[in-house]
Structures are given as structure tokens and as C-alpha cells.
Amino acid sequence: MLSIIIPAYNEKTNIERAVKTISEILEGEKIPFELVFVSDGSTDGTYEEICRLREQDIRVHGLEFSRNFGKEAAIFAGLELAKGDACVVMDCDLQHPPQAIPEMYKLWKEGFEVVEGIKKSRGKESIFHGMFAGMFYGIMSKMMKMDMRSSSDFKLLDRKVVNVLLGLGERNTFFRALSFWVGFRSAKVEYEVQERVSGSSKWTFKSLIRYAISNVTSFSTVPLQLVTVMGMISIFFSFILAVQTVVKYLTGTAVEGFTTVILLILIIGGFIMISLGMIGHYLARIYEEVKGRPRYIIRRTTDEDRKYGENGAS
């Protein structure tokens, strides 16, 4: 059986369309499936819509968080709720085309344990957003030594991969990168990003920046290493200015260096503040991990008989 995991935050208008479209495609391919919706603290009646559709189709399952815990938490809650032999993670707005699922399923039946959905294009988005996304995934690709520039959350995972991900002890996760990191035999399926039919994206530029910083620091220590690099740069420029000052003093051409001193203080001060910010962010991450709070809290579920592990609380 195939479990389709669909995080949803204020997606009431898209739930029924998602159920109908995905069901028609998988039924046509004679693929046994279940639909697992995770309402991430929605306030527009998303969970009630899931419950309504559950009464019409027992293959529809869902749960609701006590508040908004974020997409990463919703994905892992869905993985924990799912009972399929393989799981597909996709967006509720169907920008991840359900038509690609049968091809993913076929590759999984051939023995591939991770099937990555790879974007042919990023669809209609602003040039600035595209540049920022490209830069972020370019940096992540170099950190991980894997090409993540066209990756997405749209992917199929074998049950053994799901069990490995659920067994990870960390609370701050980056699902898109972890599916690369765990290894296993993988394949790729290319797809075109579809246009959203109803509603609007919940991602703002501010939330994307926060998401990028959170994921980089949760998956890599490179930012901490940059502190050392900035210190070396600061020492290098300080050495050059010191040599220049001594030479001018010995040649009798020394002048008041007020401007130079101010610039030097500003540069060093900037490096120090950035370094403290990076270190502080990592300390905050350590603090969050040490507390051991669950990734999410479940308020209610359409399947009270389904059990959850230590990743979440209900």
C-alpha cells in the first residue's frame, strides 16, 4: 500500500480537490493507497473538511496539531501516522503533480528505495525569489556534496527509509536534505511545477529567510566555521594597515588616522557581532534539543486507534 502524506495549513479549499484528483489517478492505476492529511494548526476549518471527506472515504485519514508547528513537523507526523509500505510526501495545493506518483510507484516496485521529485522548472515565481532559492540550494549542495538545486519535498520513501528517519533523535529537521543524507538506492522523476488553482501560498519572504537559516544551521556547521574565516580576514587587513602605519611613521609622512581607525573598528565590530549571532543561534539549537520537547503536539485525529512514537505528543 502507498501512503500519500499531505501537510496542510489553511488549505480548506484544496482538500476535496486533492482527494478527488489523487484518488482518480491511483484508482486508475490500480494502486492501493491511503491519504494522510496533517492540519498544521489551521484556523480555516481544514481539519473539519478532512473529517467530512473521511466520512465519505475510509482511505482518508487526518490529524490536527494543537498549533502551527511548521511543515517539517507536519511531514514527520504524517510519516509516523502512515501505515503504507511506501510513503509519498506532496503539497496539498497539487503544485506537486499527482500524475507523477504512478511513475514513482513503478520505480519503487523495481527496487528503488528513495524516488526524488526533481523540478524541471520552478514555475511562475519572482526573479528575486528564484535567485534566492537558487543561491540557498547551491550552498546546501556544496555543503552536502549532493545536487539539491532542483530538489523538493515531493518524493517517495520506502518503509525502511521512513523507519530510519523516524528513528533520528534530532528535533530540528530538514526533510528535503535528510532524504539525501540517509543514502539508500535512489532514482529521480522530473516534473513541472503546477499552478495553484485555489488559495495563496503561505510562504512569505520573511518566512523563507527564516526557513533557510533554520535548515542550514540544523544540517551543517559551516556557518560556525565562517567565524574563523572572518577572524582571519580581520587579522589580514589589520596586518596590512599596521604595516602601512609603520612605513608612514618611519618615512615621516604619518597623518592622523581617524578615518582608518573608525573603519577598522566598524569592520572588526561587524565581524564580531555576526560571529556572536551565529554562535548564539547554534546555542539556541542545542538548548532546544536538550529540552527534549516533542516535534509537535496532536490535538485530535480521525483515527484514535493509531499510535504515535516519541516524536510527537497527543
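Here is what the cut-offs are and how they apply
Residues numbered from 1 in each chain as written. Predicted model: local features only at pLDDT ≥ 70, side-chain atom pairs only at ≥ 80, totals over all residues. Heavy atoms only, no water. Helix = DSSP H or I, 4+ residues; strand = E, 2+ residues; numbered from the N terminus. Buried < 20%, exposed > 50% of the residue type's maximum accessible area, 1.4 Å probe, protein only. Contact = heavy atoms within 4.5 Å. Areas by Shrake-Rupley, 256 points an atom, 1.4 Å probe, with all protein chains shown as cover. Pairing = 2+ DSSP bridges. pLDDT = per-residue confidence, 0-100. Core = buried A, V, L, I, M, F, W, Y, C linked by side-chain atoms within 4.5 Å. Lys, Arg positive; Asp, Glu negative; His and termini not counted. Salt bridge = Lys/Arg side-chain N within 4 Å of Asp/Glu carboxyl O. Phe/Tyr/Trp six-rings, centres within 6.5 Å; stacked < 30°, edge-to-face > 60°. Lys NZ or Arg CZ within 6 Å of the ring centre and 35° of its normal. Patch = residues over 30% accessible without salt bridge, like charges linked within 9 Å, V, L, I, M, F, W, Y side chains within 5 Å. Right-handed = clockwise from strand over helix to strand, strands pointing away.

S.K.: Whenever I open this one, the overall build of the protein chain confuses me. Can you help?
M.R.: Across its full length, the protein chain carries 10 helices and nine strands. Per-residue burial for the protein chain yields a buried fraction of 46% across its 314 residues. Counted over contacts in the protein chain with a minimum sequence separation of 6, partners at least 24 positions apart contribute 82%. As presented, the protein chain carries roughly 16,600 Å² of accessible surface, and 61% of it is formed by carbon and sulfur atoms.

S.K.: Is there a simple way to think about the pairing of strand β6 (residues 155-158) in this case?
M.R.: On a regular strand, each side chain points to the face opposite its neighbour's, so the side chains alternate between the two faces of the sheet. Here β6 shows a buried face lined by Lys155 and Leu157 and a second buried face lined by Leu156 and Asp158. When strand β4 (residues 86-89) meets β6, the two strands line up antiparallel, connected through four bridges. Bridge assignment links Val88 to a residue of β6, and that residue is Leu156.

S.K.: Please explain the confidence of the model for the protein chain as it appears in this structure.
M.R.: Summary statistics for the protein chain give a mean pLDDT of 78 and a share of 70% for residues scoring 70 or more. Mean pLDDT in the protein chain bottoms out at strand β9 (residues 312-313), which sits at 60, and peaks at β4, which reaches 93.

S.K.: Would you take a moment to explain the nonpolar core for this structure?
M.R.: Among soluble globular proteins, nonpolar side chains are generally buried collectively. In terms of nonpolar packing, the biggest core is built from 35 residues, with Leu2, Ile4 and Phe37 touching the most fellow members. Secondary structure elements with two or more residues in this core: β1 (2-8), α1 (12-28), β2 (33-39), α2 (46-56), β4, α4 (101-109) and β7 (186-192). Apart from residues no more than four positions distant in its own chain, Ile4 is found in contact with Ile22, Leu26, Glu34, Leu35, Val36, Val88, Met90 and Ile101. Among the nonpolar cores identified, the runner-up in size contains 27 residues, and Ile5, Phe76, Leu79 and Leu166 belong to it.

S.K.: When you look at the environment of Ser39 in this model, what are you seeing that I'm missing?
M.R.: Along the polypeptide, Ser39 turns up in strand β2. It is 8.5 Å that separates the C-alpha atoms of Ser39 and Glu11, two residues lying 28 residues apart in sequence. For Ser39, the contacting residues outside a window of four places in its chain are Ala8, Thr46, Tyr47, Ile50, Leu63, Glu64 and Phe65.

S.K.: I would appreciate a short explanation of unusual backbone geometry in the present structure.
M.R.: Generally, phi is negative for residues other than glycine and the peptide bonds are trans, each holding for most cases. For Asn10, which is not glycine, the phi torsion reads 55 degrees and is therefore positive. Here Asn10 shows up in the loop between β1 and α1. Phi is positive for Lys30, close to 55 degrees, though the residue is something other than glycine. Within the secondary structure, Lys30 sits in the loop between α1 and β2.

S.K.: Teacher, can you tell me more about the side chain of Asp40 here?
M.R.: Structurally, the position occupied by Asp40 is in the loop between β2 and α2. Look at Asp40: it is buried, it has no salt bridge, and the nearest opposite charge is Arg67 at 7.1 Å. Setting aside residues no more than four positions away along its own chain, Asp40 makes contact with Ala8, Tyr9, Phe65, Arg67, Asn68, Phe69, Gly70, Lys71 and Ala74.

S.K.: Can you help me understand the packing of aromatic side chains in this one?
M.R.: To describe a pair of aromatic rings, you give the distance between the ring centres and the angle between the ring planes. Across all of its chains, the model carries five aromatic pairs by this definition. The interplanar angle of 85 degrees and the centroid separation of 5.3 Å between the aromatic rings of Phe154 and Tyr191 together place this pair among those described as edge-to-face. Pair noted here: Phe154 is in the loop between α5 (127-144) and β6 and Tyr191 is in strand β7, with a separation of 37 residues, a long-range link. On the accessibility criterion, Tyr191 (3% relative accessible area) is buried. The rings of Phe65, Phe69 and Tyr296 are connected pair by pair, giving a single aromatic cluster. Directly above the ring of Phe175 sits Lys155, whose terminal nitrogen or CZ lies 5.4 Å from the centroid. Geometry around Phe112 places Arg185 over its ring, the cationic atom sitting 4.2 Å from the centre.

S.K.: Looking at this structure, how should I read the side chain of Ser23?
M.R.: With respect to the element layout, Ser23 can be found in helix α1. When sequence neighbours within four positions are dropped, the list of residues in contact with Ser23 reads Phe33, Leu35, Asp57 and Arg59.

S.K.: Sorry if this is basic, but what is going on with the environment of Phe271 here?
M.R.: Relative to the elements of secondary structure, Phe271 occurs in helix α10 (residues 258-291). Along the primary structure Phe271 and Met230 are separated by 41 residues, whereas in three dimensions their C-alpha atoms are 6.3 Å apart. Discounting chain neighbours no more than four positions away, the residues touching Phe271 are Met230, Ile233 and Ser234.

S.K.: Help me understand a nonpolar patch on the surface in this model?
M.R.: A cluster of nonpolar side chains, namely Val229, Ile233, Phe236, Phe237, Phe239, Ile240, Val243 and Val247, defines an oily patch on the protein surface of about 720 Å² accessible area. Mapped onto the fold, Phe239 is located in helix α9 (residues 222-250). Residue Phe239 is classed as exposed on the basis of its relative accessible area of 56%.

S.K.: Can you help me understand the pairing of β2 in this one?
M.R.: Within β2, seven of the seven residues are buried, leaving the element largely enclosed by the surrounding structure. Here β2 shows no split at all, with Phe33, Leu35, Phe37 and Ser39 on one side and Glu34, Val36 and Val38 on the other all buried. Bridging between β1 and β2 involves seven bridges; their strand directions are parallel. Residue pairing for β2: Pro7 is matched across the bridge by Val38. Remark: the β1/α1/β2 crossover connection has right-handed handedness. Pairing of β2 with strand β3 (residues 60-65) involves five bridges; the strand directions are parallel. Bridging from a neighbouring strand, Val38 pairs with Leu63 of β3.

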